[in-house]
Amino acid sequence: MKQFFLFLSFIAINTFAQNPPKPYGELPSKRQLAWHEIEMYGLVHFTPTTFENKEWGYGDADPKTFNPTNFNADQIVKAAKAGGLKGIVLVAKHHDGFALWPTKTTDYSITKSPFRNGKGDLVKEMEMAARKNGLKFGLYCSPWDRNNSKYGTAEYLKIYQAQLKELYSNYGELFMSWHDGANGGDGYYGGAKEKRSIDNTTYYDWTNTWKITRNLQPMANIFSDIGWDVRWAGNEDGSVNETSWATITPEPAKGMSVAVPGQSNYEINPSGTRNGKFWMPAECDVPLRQGWFFHPNEKPKSVAKLFDLYLKSVGRGANLDLGLAPDTRGQLHEDDVANLKAFGELVSNTFTNNLAQNAQFKASNTRGKNYATTALTDKNNGTYWATADDVHEAQLTIDLKKSTTFDIISLQEFIPLGQRIDSFMIEVFENNQWKKVYTGTSIGSKRLIKFDTPITANSIKVMLKAPVAITLSEFGLYKQAN
Ligand code: FUL
Ligand code: CA
């Protein structure tokens, strides 16, 4: 009888330990999880502004100026793909108000341009090229419209919402609905040529406007200074802070009472908020060149710079959104194509060979056999090592079995159960002694730690702390490729 009870409690402990840990805090939605997997995408700016060699079109350009000599969506998408980008966000309408699709909402569109004799739809061409090459597709339709005579009145909101409805109905499933914070100012406004200001806390009625997005495109991640799904990194340099949480509690701008796009305290965006109210990871948007639009006198960023931005965005749990600027032909410049390709190769060559692949992992605690350390190097973000519920501090000892040289350590949490880990510390066994090489805080979807001087070691220790059971889905050691 006693043995029978022992047996029962043995089963109880085991089944209990085999249950996944309880989720912690805010959790990513299905659409956000899909977004995290993407890591990198591109943001394409191509309107009459390109032909005017400006960054912000005033809204007065003759539609006939939009006359690419050889527009080629496939060339742009293929170059992006070679760069490792997994999606394209097209600016369907920028601040100049020119619509790249045959919209019913305004005459100021591609239908009045020589492009495809006024019969073209550039949004469709980009969408088709993206899908054909296996990239996701998203759209940015600027709320600020410097061409529209109605801008600033209630009527314009209806026009803007109708534009979103057209865009969200006719171009398949979108992974992003992008919004910037530029709001009002001077413009052409149908010939009025004046300054118009709006109250951006109310004018765009974001709560209802974004309901349109949710209804028509449930998988589209809404991006703005304050989400709903993805937050602006707070700068256009392409990086977030070393500590950057996927959660945030948005704050109004100083002296204001509500946080809206264009009017939030975005100084908190690069680091987010530990245990924040919303799962709202950062997107680092940065142009490949200096400007968002093509300018003949500018050059694309170097491959080394792009790799550094990758480490400071994707490597800190954010995504990288790289601005791509077609030239007046309607293609990416050869220099851009070359740097994208070299960057894509550098990323893939660096991260193909996990030097910890054949290491022996020893954990100070493991939840049960379904959560064993073998999950750490199976290249599957869906499997993870976890500790028991009452174990909030744990140590992984990684025996590399031979002396190994690396300069990047990669850690990934199992984020479907939330951002759990508060902090971590890494030691390496170098020259016969343990040496602390890094202490950090946020991990989230991915954390890449880059060392300027490569480390040669036989063993590594990772100490992790969380307020709840710890989860880790992947661990990797890499050497930056040449
Ligand atoms: C900003 C805009 O004002 C720029 O022109 C560009 O579109 C960038 C991506 O977002 O807010
Ligand atoms: Ca795994």
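Details of the structure are given in the entry above.
A few points on the structure. (Residues numbered from 1 in each chain as written. Chains lettered and ligands numbered in written order. Predicted model: local features only at pLDDT ≥ 70, side-chain atom pairs only at ≥ 80, totals over all residues. Heavy atoms only, no water.)

A closer look at the packing of aromatic side chains
- Applying the stated criterion across every chain yields a total of 33 aromatic pairs.
- Consider the rings of F46 and F51, whose centres lie 5.7 Å apart with planes at 45°: the pair is tilted.
- We classify F46 as buried; its relative accessible area is 1%.
- Taken together through their ring pairs, the aromatic side chains of Y151, Y156, Y160, Y189, Y203, Y204, W206, W210 and W228 make up a single cluster.
- The lysine or arginine in question, R367, covers the ring of Y371, its NZ or CZ lying 5.9 Å from the ring centre.
- One cation-aromatic arrangement involves K461 over W434; the distance from NZ or CZ to the ring centre is 4.4 Å. (Phe/Tyr/Trp six-rings, centres within 6.5 Å; stacked < 30°, edge-to-face > 60°. Buried < 20%, exposed > 50% of the residue type's maximum accessible area, 1.4 Å probe, protein only. Lys NZ or Arg CZ within 6 Å of the ring centre and 35° of its normal.)

Observations regarding the site of ligand 1
- Surveying the vicinity of ligand 1 reveals the residues L43, H45, W56, H94, H95, Y140, W178, D180, E236 and W292.
- Contact distances for ligand 1 include 3.0 Å between an oxygen atom and a side-chain N or O atom of W56.
- One of the side-chain nitrogen or oxygen atoms of Y140 is found 3.4 Å away from an oxygen atom of ligand 1.
- Here the shell around ligand 1 is built from residues that sort into 5 nonpolar, 3 polar and 2 charged. (Near = heavy atom within 4 Å. Polar contact = N/O pair within 3.5 Å; in protein donor to acceptor, adjacent residues only side chain to side chain. Nonpolar A, V, L, I, M, F, W, Y, C, P; charged D, E, K, R; others polar.)

A look at helix α6 (residues 154-170)
- When the terminal C-alpha atoms of α6 are compared, their 25 Å separation across 17 residues agrees well with the 24 Å that a helix rising 1.5 Å per residue should span.
- Along α6, the positions that sit buried rather than exposed are Y156, L157, I159, Y160, Q161, Q163, L164, E166, L167 and Y168.
- Looking at the buried residues of α6, the elements they touch are β2 (87-93), α5 (122-132), β3 (136-141), β4 (176-178) and α7 (206-216).
- Looking one or two places after α6, you find G172, whose phi comes out positive at around 70°. (Helix = DSSP H or I, 4+ residues; strand = E, 2+ residues; numbered from the N terminus. Expected span 1.5 Å × (residues − 1). Contact = heavy atoms within 4.5 Å.)

A few points about the pairing of β2
- Here β2 lies mainly inside the structure; 7 of its 7 residues are buried.
- Of the pairings in the sheet, the one linking strand β1 (residues 40-44) to β2 comprises 3 bridges and is parallel in character. Within β2, the position partnered with L43 by the bridge is V89.
- Sheet topology note: the β2/β3 ladder contains 6 bridges and is parallel. Within the sheet, the bridge partner assigned to V89 lies in β3 and is G138.
- Handedness of the β2-α5-β3 crossover: right-handed. (Pairing = 2+ DSSP bridges. Right-handed = clockwise from strand over helix to strand, strands pointing away.)

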